[in-house]
Each structure stands twice: as structure tokens, then as C-alpha cells.
Amino acid sequence: MYLLIAVVAIMVLGLKLFRYLQIKPRPRPKCLDDASLGVHKYFKSDGVKLHYVESGDPSKPLVMFVHGFPEFWYSWRHQIKHFNQDYHVVALDMRGYGDSEKPAGVPNYAIGHLVEDLKNLAEHVDKPKFHLVAHDWGGGVAWHFVSKYPEMVKSYTACNIPHVTSLRDQQRGSWEQMLKSWYMLFFQLPVLPEFMMMKQDNQCFYGIAKEAGLHKDEELINVYKFAFPDFTTWNRTINYYRAAVRSTIFKNPKSLPYMKGLKDIKVPCMSIFGTDDKYLSVDSAKGTNKYVKNHRLELVPGVSHWIQQEAPEKVNPLLQDFMKNNA
């Protein structure tokens, strides 16, 4: 009798947990196929099939947009429409995200692979030199890219992502940044971080949208829930954090060539930083000056971490001016 009760209780709890973690299947949102945003294309990067959206005139200068976590190419929709009249624009889905392939295993998300993905995309569209614009995790990859391949970059704009060494400085010496970085340690745990992000039908995206004042945009929240449909997607994207920490702790020799030039970047760089960022401190953005010879810092008061989506009317003119001055 007691065994039967225990079995039934376990089944009930299991069903509740399943429903709690279940992500509802959704049809593809029509906005993802908006012709004004460009054409969906693919290329192979070291055997991994990656997706990108391309628009504008291929004969014009290239601007490459690289998204952060947990986002995908669509986070640049406002910038794509603004710049594809005067530039050749590509917005990448990094490996593990969106319509790109999602190779299993933490080592597949080491910094070397991520940097080479950007290089391979530039070579695929036959643009040996281009403007690079990135946010959050994409920005972390981009800082390594400009240190490894400076000859390929006309300008780099980092949206709410400090220079990676400045961020580490603050993580070691600032309680503010230590506390803001708590989730990076949490993401080192197996399985639990994925479940936390998946819970209640990807409810996390409502919280993210609320930070940016976009929580009433149901279409936007639905788009993000569609782009993160399962455990696999969350696992692959969280693996970026696991790979970064393991590389730091174990001194991955394959990552070292991508770190050599980090402390002496000569590429023209601009940091656009929303001061209401919950995850990264203003001091970490200010510290970028220490590692970049030609650096412009634009602080945007009252704007969240999700700056290019929350305040395109402020981001786009800054981008336009900076790229024009570094043509």
C-alpha cells in the first residue's frame, strides 16, 4: 500500500515537473521572414553549418552583426533595416543558436572555434575587411577576433560588453561585478541552468524583455521562445560559459593564440554601454581604455543591457558616425 502511494506521488510530481519545464511548440513567426530584413543563407565553418541573414548591396562595405546570450540574429533587426541601404549587412546566428547547427560537447564552444566562425563568414561573403558590431557574448568573441585578426577589421563597436580583460579585472577586484557575475558560476553546473531557463515555457524571456521595457511586445517574446525550443538549444548556448571557464582554469593551449593580442588592441573601437546593465558594471566598460589604444566610450544613461533593442534611436546614429569616420 505504502509503495503504491509512493509510486503515485512520484508520478504526480514527475508530471508536474514535466509541465513546469515543457516548452510549447510554436509555428515559425512571420516576422523572421520579413523581406526587409534580408535573405536567409548558410555556410560551413570547420564542418559546422551556420545560418546568417544577408541584406543590402554586396558591392558596398560589409557590416557584420554578432548577437549575445540568449539571443540570435533577430536582435539586430533595428540595425539591419537602418544600415542595409548604405552597407552590405550580415547578421550571424552563432553556433548553437537559432538556425545554426548545434554540435554537442563543451569543447565545440571554445573561443578558437567562435573566432574562426566570424573569419569564415567574412571569407564566405568575400569581404577581407569589414566593420564589426557585437553585443554581449558576441562581443566577447569579437574582442578576441580583433586581437587575432586586426587586419580584417575597419572598426569594432562593442554594445554592452567591456573588453574581456577589463571585465576580468572587475570580477577580481570589484564586489559589484562579482555579484553581477553570479550567473556565470551558476552556469557551470550541469543540467540545472538549462532547466532554470526552460521553466514555465521559457518565461525568462518575459523578464529579459521587461528589463528593456519591451515586455508588452508579445510578438517579440514569442519570437525568442520559438528560437529556444528545447533543452538542446539551451545546453549549447550555456556551453559558451562552460567552455570559457574551463579554458581559463585549465589554460587550454588551443585558446592561447586567440588571447595574445588582447592587451594591446590597435583597431578603432567604440563601446556603447547602457548604464542600467544588470550584468556588467560601468567601471568594466570604462576599464576598456586600458587595453585599447584607439577607444571611444559612449555611456547611455538609463538603458539596460539589451541596448540595441531597447534604444536603437541612440545606438544607430552612434554606429553610423563611427563607421563613417573609420571607412
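Quantities reported herein were computed from a predicted structural model and do not represent experimental measurements. (Residues numbered from 1 in each chain as written. Predicted model: local features only at pLDDT ≥ 70, side-chain atom pairs only at ≥ 80, totals over all residues. Heavy atoms only, no water.)

(A) Just the overall build of the protein chain, in detail. When you go through the protein chain residue by residue, the secondary structure sums to 14 helices and eight strands. In terms of its C-alpha atoms, the protein chain occupies a principal-axis envelope of roughly 80 × 45 × 40 Å. Residue burial in the protein chain is summarised as follows: out of 327 residues, 54% are buried. A fraction of 76% describes how many contacts in the protein chain between residues 6 or more apart in sequence connect residues 24 or more apart. (Helix = DSSP H or I, 4+ residues; strand = E, 2+ residues; numbered from the N terminus. Buried < 20%, exposed > 50% of the residue type's maximum accessible area, 1.4 Å probe, protein only. Contact = heavy atoms within 4.5 Å.)

(B) Just helix 8 (residues 192-202), in detail. Taken together, the buried positions of helix 8 are occupied by Pro193, Glu194, Met197, Met198, Asp201 and Asn202. One side of helix 8 carries all its buried residues, which in axial view fall inside an arc of 115°. (Arc of directions from axis to C-beta.)

(C) Seen up close, the pairing of strand 3 (residues 62-66). Across the five residues that make up strand 3, a large majority, five, are buried. Neither face of strand 3 is exposed, since Leu62, Met64 and Val66 on one face and Val63 and Phe65 on the opposite face are all buried. In this structure, strand 3 lies alongside strand 4 (residues 88-93), joined through five bridges in parallel fashion. Bridge pairing in strand 4 links Met64 to Val90. Since strand 3 and strand 4 lie parallel, the crossover through helix 2 (residues 77-83) that links them has a hand, and here it is right-handed. Bridge count for strand 3 against strand 5 (residues 130-135) is four bridges, and the pairing is parallel. Residue Phe65 lies in a different strand from strand 5, and its bridge partner there is Val133. (Pairing = 2+ DSSP bridges. Right-handed = clockwise from strand over helix to strand, strands pointing away.)

(D) View of the sheet that holds strand 7 (residues 269-274). With mixed pairing, eight strands are arranged side by side in an open sheet as 1-2-4-3-5-6-7-8. Strand pairing shows two members of the sheet lacking a second neighbour, strand 1 (39-45) and strand 8 (295-300), which therefore form its edges. Pairs of neighbouring strands in the sheet enclose a mean axial angle of 20°, with direction left out of account. Where strand 2 (residues 48-55) lies against strand 4, five bridges are found, and the strand directions are antiparallel. Opposite Tyr52, over in strand 4, you have Leu92 as the bridge partner. Contacts between helix 4 (residues 136-148) and the sheet are confined to strand 3, strand 5, strand 6 (153-159) and strand 7, with strand 5 contributing the most and set at about 140° to the helix. This element, helix 14 (residues 312-325), spans strand 3, strand 5, strand 6, strand 7 and strand 8 of the sheet and lies at about 170° to strand 7. (Axes fitted to C-alpha atoms, helices over the stretch in contact; angles between N-to-C directions.)

(E) Highlighting a positive patch on the surface. On the surface, Arg172, Lys251, Lys263 and Lys290 cluster together to form a positively charged patch. As for its placement among the helices and strands, Lys251 is situated in the loop between helix 11 (231-250) and strand 7. Using a relative accessible area of 57% as the deciding quantity, one classes Lys251 as exposed. (Patch = residues over 30% accessible without salt bridge, like charges linked within 9 Å, V, L, I, M, F, W, Y side chains within 5 Å. Areas by Shrake-Rupley, 256 points an atom, 1.4 Å probe, with all protein chains shown as cover. Salt bridge = Lys/Arg side-chain N within 4 Å of Asp/Glu carboxyl O. Lys, Arg positive; Asp, Glu negative; His and termini not counted. Charge placed at Lys NZ, Arg CZ, Asp CG, Glu CD.)

(F) Quick look at the pattern of salt bridges. Counting across every chain of the model gives 15 salt bridges. In this structure, a network of salt bridges that share partners links the residues Arg26, Asp201 and Lys225.

(G) Broad picture of the confidence of the model for the protein chain. For the protein chain, the average pLDDT comes to 94, and 94% of its residues sit at 70 or higher. For residues 6-18, every residue scores under 50 in pLDDT, and the model assigns this stretch zero contacts once sequence neighbours within four places are set aside. (pLDDT = per-residue confidence, 0-100.)

(H) Expanded view of the environment of Glu194. Mapped onto the elements of the fold, Glu194 is located in helix 8. Measuring from C-alpha to C-alpha, the distance between Glu194 and Leu21 comes to 9.6 Å, with 173 residues separating the pair along the chain. In this structure Glu194 touches Phe231, Trp234, Asn235, Ile238 and Arg242, once residues within four positions along its chain are discounted.

(I) Region of interest: the packing of aromatic side chains. Per the stated rule, a full pass over the model turns up 32 aromatic pairs. A ring pair is formed by Phe72 and Trp73, whose centres lie 6.3 Å apart and whose planes are at 80°; its orientation type is edge-to-face. The pair formed by Phe72 and Trp73 is uniform in burial state, with each residue classed as buried. It is Lys49 that lies over the ring of Tyr42; its NZ or CZ is 4.7 Å from the centre. Of note, Lys148 hangs over the ring of Tyr258, and the distance from its end group to the ring centre comes to 5.3 Å. (Phe/Tyr/Trp six-rings, centres within 6.5 Å; stacked < 30°, edge-to-face > 60°. Lys NZ or Arg CZ within 6 Å of the ring centre and 35° of its normal.)

(J) Here's a closer look at the pairing of strand 4. The element strand 4 is extensively covered by neighbouring structure, given that six of its six residues are classed as buried. Every second residue of strand 4 is oriented toward a common face, with His88, Val90 and Leu92 on one face and Val89, Ala91 and Asp93 on the other, all of them buried.

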